[in-house]
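# Observations on the model geometry
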Amino acid sequence: MSVLFVAVPVALAFAASAVLAFLWASRGGQLDDLDTPPLRMLHDDPPPRAPGPGVPLANARDPR
Amino acid sequence: MLHVEHLEPGSTPPPAPARVCAQPTACTHCGQPVPPASRDPAGGASFCCSGCRIVYGMLREHALDGYYSYRDREPGNAPPALATGRDYSEFDDPRFLDLYAGSRGDHRTLELLLEGVHCAACVWLVEKLPELVPGVTSCRLDYARRTALVSFRAGAPGPGAGAASGATTTQASAIARTLDRLGYPPHPHREGARAAIARREERDLLTRLGVAGASAGNSMLFALALYSGGFADMDAEQTRYFRLLSALVALPAVTWSAAIFYRGALGALRARRPHMDLPLSLGIVLGVLWGTFNLLRGAGEVYFDSLSTLVFVLLAARLVQVRQQARAELAAGSAHALTPHAARQLDAAGAVTVVPAESIPHGARVEVLAGDTFPVDGEVIVGASQADTSWLSGESEPQRIEVGSEVFAGTTNLMSRVVVSAERSGAETRAARLWREVERAAQRRAPIATVAERASAYFLIGVLLLAVIAFLAWLPAGAGRAIEVAVALLVVTCPCGLALATPLTVSAALGQAARAGLLIKGGAFIEALSKPALIVFDKTGTLTEGRLSLVRWVGDTSLGPQIKALEQASSHPLARALVRALSHVPAGTATQVEQHLGIGVRGIVDGRRVTVGAVASATAPLPEWADTALRGIERDGQSPVVVCVDGVLRAVLAVGDPIRPDAARVLARLRQSGNRLVLLSGDRTAVVEHVVRQLARQSGVRELFETAGGELGPEAKLAFVEAARARGERVFMVGDGVNDAAALAAASVGVAVHGGAEASLQAAGVFATRPGVEPLLELLRGSRRALGVIHMNLALSLAYNVAAASLCLAGAITPLWAAVIMPLSSLTVVSHSYRRRMFGVEK
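The structure displayed is predicted, hence computed values, not measured ones.

## Looking at the overall build of chain A
When helices and strands are tallied, chain A shows two helices and zero strands. A burial count over chain A gives 2% of its 64 residues as buried.

## Details of the pairing of strand 4 (residues 101-104) of chain B
Alignment of strand 4 of chain B against strand 5 (residues 107-114) of chain B, held across four bridges, turns out to be antiparallel. Each residue of the ladder has a partner; that of Ala101(B), found in strand 5 of chain B, is Leu110(B).

## Focus on the sheet that holds strand 31 (residues 749-752) of chain B
Residue and element names in this part refer to chain B. Spatially, seven strands are ordered 20-32-31-30-21-28-29 in an open sheet, and the strand pairing comes out mixed. The open sheet has two edge strands with one neighbour each: strand 20 (518-520) and strand 29 (707-709). Going across the sheet, the axis of each strand differs from the next one's by a mean of 15 degrees, ignoring polarity. Inspection of the sheet shows strand 21 (residues 534-537) paired to strand 28 (residues 676-680) by four bridges, in the parallel sense. Note on strand 28: the bridge partner recorded for valine 536 is valine 678. Helix 24 (residues 714-726) contacts strand 21, strand 28 and strand 30 (731-735) of the sheet and is inclined by roughly 160 degrees relative to strand 30.

## Some points on the sheet that holds strand 11 (residues 342-346) of chain B
Within a sheet, adjacent strands bond to each other through the backbone by hydrogen bonds, running parallel or antiparallel. All names here are of chain B. Strand order across the open sheet formed by six strands is 12-11-13-19-14-17, with antiparallel pairing between neighbours. Every interior strand has two partners, whereas the edge strands, strand 12 (352-356) and strand 17 (406-407), have only one. For strand 14 (residues 377-382) and strand 17, the ladder comprises two bridges, and the chain directions are antiparallel. Across the sheet, the residue bridging to glycine 378 is valine 407, located in strand 17.

## Remarks on the packing of helix 8 (residues 236-257) of chain B against helix 10 (residues 277-297) of chain B
All names here are of chain B. It is the contact of helix 8 with helix 10, at a shortest axis distance of 11 Å, that shows an interaxial angle of 155 degrees. Classified by the angle their axes make, helix 8 and helix 10 are roughly antiparallel. The interaxial crossing formed by helix 8 with helix 10 has left-handed handedness. Two secondary-structure elements touch here, helix 8 through Arg243, Leu244, Ala247 and Val254 and helix 10 through Ile284, Val288, Gly291 and Leu295. Among the residues forming the contact of helix 8 with helix 10, the class breakdown is six nonpolar, one polar and one charged.

## A look at the pairing of strand 30 of chain B
Residue and element names in this part refer to chain B. The buried count for strand 30 comes to five of five residues, which makes it a mostly enclosed element. Bridge count for strand 30 against strand 31 is four bridges, and the pairing is parallel. Along strand 31, the bridge assignment pairs glycine 735 with alanine 752.

## Quick word on the packing of helix 22 (residues 663-672) of chain B against helix 23 (residues 685-699) of chain B
Packed helices, taken two at a time, are described by their axes: the angle between them and the distance between them. Residue and element names in this part refer to chain B. Axis separation between helix 22 and helix 23 bottoms out at 9 Å; the angle between their running directions is 75 degrees. Of the possible angle classes, the one that applies to helix 22 and helix 23 is roughly perpendicular. Counted together, Ala663, Ala664, Arg665, Leu667 and Ala668 of helix 22 and Leu695, Gln698 and Ser699 of helix 23 form the full contact between these two elements. A breakdown of the residues in the contact of helix 22 with helix 23 according to their chemical character gives five nonpolar, two polar and one charged.

## Side note on the confidence of the model for chain A
For chain A, per-residue confidence averages 73 on the pLDDT scale, and residues scoring 70 or more make up 64% of the total. A low-confidence stretch, residues 55-64 of chain A stays under pLDDT 50, and its non-local contacts, those more than four residues away or across chains, total 16 contacts.

## A short note on the environment of Arg635(B)
Residues and elements named next belong to chain B. Following the sequence through the fold, arginine 635 ends up in helix 21 (residues 624-635). For arginine 635, a count of 12 C-beta atoms within 10 Å puts it in the exposed group. Considering only alpha carbons, one finds arginine 635 and valine 687, 52 residues apart in sequence, at a separation of 8.0 Å.

## Looking at the nonpolar core
Residues and elements named next belong to chain B. The biggest cluster of nonpolar side chains holds 152 residues, and the ones touching the most others in it are Val311 and Val751. In terms of residues, this core owes the most to one element, helix 27 (residues 774-809), which gives twelve residues. Filtering out sequence-adjacent residues up to four positions away, valine 751 remains in contact with Phe732, Met733, Val734, Ala764, Val766, Ala768, Leu776 and Leu779.

## Overview of helix 19 (residues 560-567) of chain B
Counting buried positions over the eight residues of helix 19 of chain B gives seven, a clear majority of the element. At its buried positions, helix 19 of chain B is contacted by helix 20 (573-581), strand 23 (590-596), strand 24 (600-605), strand 25 (608-613) and strand 26 (639-645) of chain B.

## Side note on unusual backbone geometry
Residue and element names in this part refer to chain B. Positioned with a positive phi, glutamine 592 is a non-glycine residue whose angle comes to about 50 degrees. Note that glutamine 592 resides in strand 23. Positioned with a positive phi, aspartate 606 is a non-glycine residue whose angle comes to about 50 degrees. Along the polypeptide, aspartate 606 turns up in the loop between strand 24 and strand 25.

## Observations concerning the environment of Phe537(B)
All names here are of chain B. Tracing the sequence through the fold places phenylalanine 537 in strand 21. Its 26 C-beta neighbours within 10 Å are what place phenylalanine 537 among the buried residues. Here phenylalanine 537 is in contact with Thr542, Leu543, Leu677, Val678, Leu679 and Val734, once residues within four sequence places are set aside.

The rules behind the values
- Residues numbered from 1 in each chain as written.
- Chains lettered and ligands numbered in written order.
- Predicted model: local features only at pLDDT ≥ 70, side-chain atom pairs only at ≥ 80, totals over all residues.
- Helix = DSSP H or I, 4+ residues; strand = E, 2+ residues; numbered from the N terminus.
- Buried ≥ 20, exposed ≤ 12 C-beta atoms within 10 Å, placed from the backbone.
- Pairing = 2+ DSSP bridges.
- Axes fitted to C-alpha atoms, helices over the stretch in contact; angles between N-to-C directions.
- Contact = placed C-beta atoms within 7 Å.
- Parallel < 35°, antiparallel > 145°, perpendicular 65-115°, else oblique.
- Left-handed = near helix turned anticlockwise from the far one by under 90°.
- Nonpolar A, V, L, I, M, F, W, Y, C, P; charged D, E, K, R; others polar.
- pLDDT = per-residue confidence, 0-100.
- Core = buried A, V, L, I, M, F, W, Y, C linked by C-beta atoms within 7 Å.

Here you go:
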């Protein structure tokens, strides 16, 4: 069981590095905005295509 | 022929001709109905106006029409805001850029507040800005705050024009114009000092939470080993090792993370006010001290796992509440700016430069076009017009301004171009001074002690008493045993119901209220709103629509086409109100139209000579029916319009600010539930009296208002509210204008109604995003329900604590029991808070 005296500090070192990574991220403002990223990840970009022609001007009727 | 018709508020005037209308086609861009003439017969893209067509074309051209598929994924999305079409040239002024856009090399970063951001598709489109405007290097949108951070290479537009590297550059105004055309009118944005502090605090809280989480999790692992080691055989050396480790790991949580509670507790002690942090801190500190003592002597319980978990859970609850509250603040703060950012300054030669409004010096000449907002306080030196001062003074009718008249920043020029000699700009304007008054009133406001804070005082006293009793009861068994039981009691009886359940209930309530269109800026307001109070109403824009409409039509009602034909050409506010009311009537053909300032419009319509205008435009003597009608209009404080055909008076119309259709019903309901009502208005007394009479008639309650007063300025409203509060009354203020802002801030709860000025939104504790006063009922009902849930949670947690305390007194409590009971009680109150519907319930 004496392996515990080595294994536990190693595990704690892992935990400490995770805490440091968290501190770095939150101090840098990465966790300030929790609303936009979940929306942003839904935007799968379509494969690039040639720009469309817009709307033909002949069809342009202004109601005013 | 004589026909008298009284128009009820909110009804549509003269019967509209039946419209032959098939299923309306929705505009491909904005989703509004498309007039039949501009529908695409082939069933392709159709547009309601040329603006939407241009944006659609622009998106197609850049292969960005994926916007539409993202938008259509979420049904019920609101249409995009309308483009303003401004040219934003003040954005290129060096003074503007230095104020709002930080620079690094030739890169500048501009933060813009965007109107009209409402769905995932908006995020997508706005972040495609680099593809739409060459020279923009990145654009990130913060969806919750509605702000976009745009980085761009500053310089003249076009490739390589400004930068030495030959890279494409662009101007801030080009960026603003593009966003505007897409339907997101931008406003320059600087994070205010208050917002910056709030953001730092939130970040700090999150960091502490993360550290406490790591501490609690790891400490619990060791505790688990110790508990199971208690059943199996664990040698003494390992037990000591694990106890030491659990203490070390928990140390950051109970010292650094929990420092927030210690600070709160010290503050509460100094202010001699009960606060939840007090019993919490006491429990944590005593637990830590006793745990350390036991650790050193190598016997008894160490509580570090329970303590660090407690800190973690409490911080989590606090963060959830802070975020929810910050969101309500943000949504209210992102309304339009009080005064415009740009001003058109004239130089000696009369040439116009668009400059930031704050930089206008005293005595400078500023041009203000019709429809624009005055950027400075000053005196009119050229031109005559009418100004809408409703948000500043509460007067519902436009004020005449001419050479020598004083005008104020933030009011609107309605009719024609005027030139103003600037007297005060920026922080010196009346609007800015009023705003400072609002902030002072908000600071003076006495804080509301919440039920949780009051309960925590009793809780603290109760637990301390119990601990003393436990100590005395166990003294015969030995002093060491007695101390152990007393400390176990202090640690186990955690005020979870107060410290955890209340913030979570409040944040759940704030979230539900926000979805129901009510933004509440804090839990204390919910509690105040749950009891009857003295409710003070503003008139213009709150109980009334806040804009001029046709309210009465006496005489020949078939004259619609003739009136519309003449008034279409006029930009007079009364004319605009008439044209709006006659939108369903076809216009006649008018020739030889002449406008006379102060009299009206005259012309030949369908071969007959028609005049529409003030009473002076009709030839005296007036027939008796017209005299009666005019007297009534005068009494009610409305504006009369007379219509003559071939010199004969045919109809008398009244234009006024109609009462909101839901006002009378809501007020009657408020009276029923025990509130007292007061009406304070800046408008003329005659108008106020008329509104009071109308509301009494519609609601069927004779004495609807306890007091109703007119011609009251912002200072008088503030004084009334402060006096009532000084008498110890609970005062709710409901209003919309800047003239209400100080009173909103001073009231126990200020409620800003939809469409209000920014100042009132920021000053108020609650902001309704739905129009009308109906949301007020929902607000009071929901608050009552939320307080019920809070009371229920307090009772639940009291029951748990009584159970835990009795076990403790019986000496049966072990850390294992404590570890089971505490999360169980927390879980019950948390799920209870989140599952109950408080706001947004059908009646």
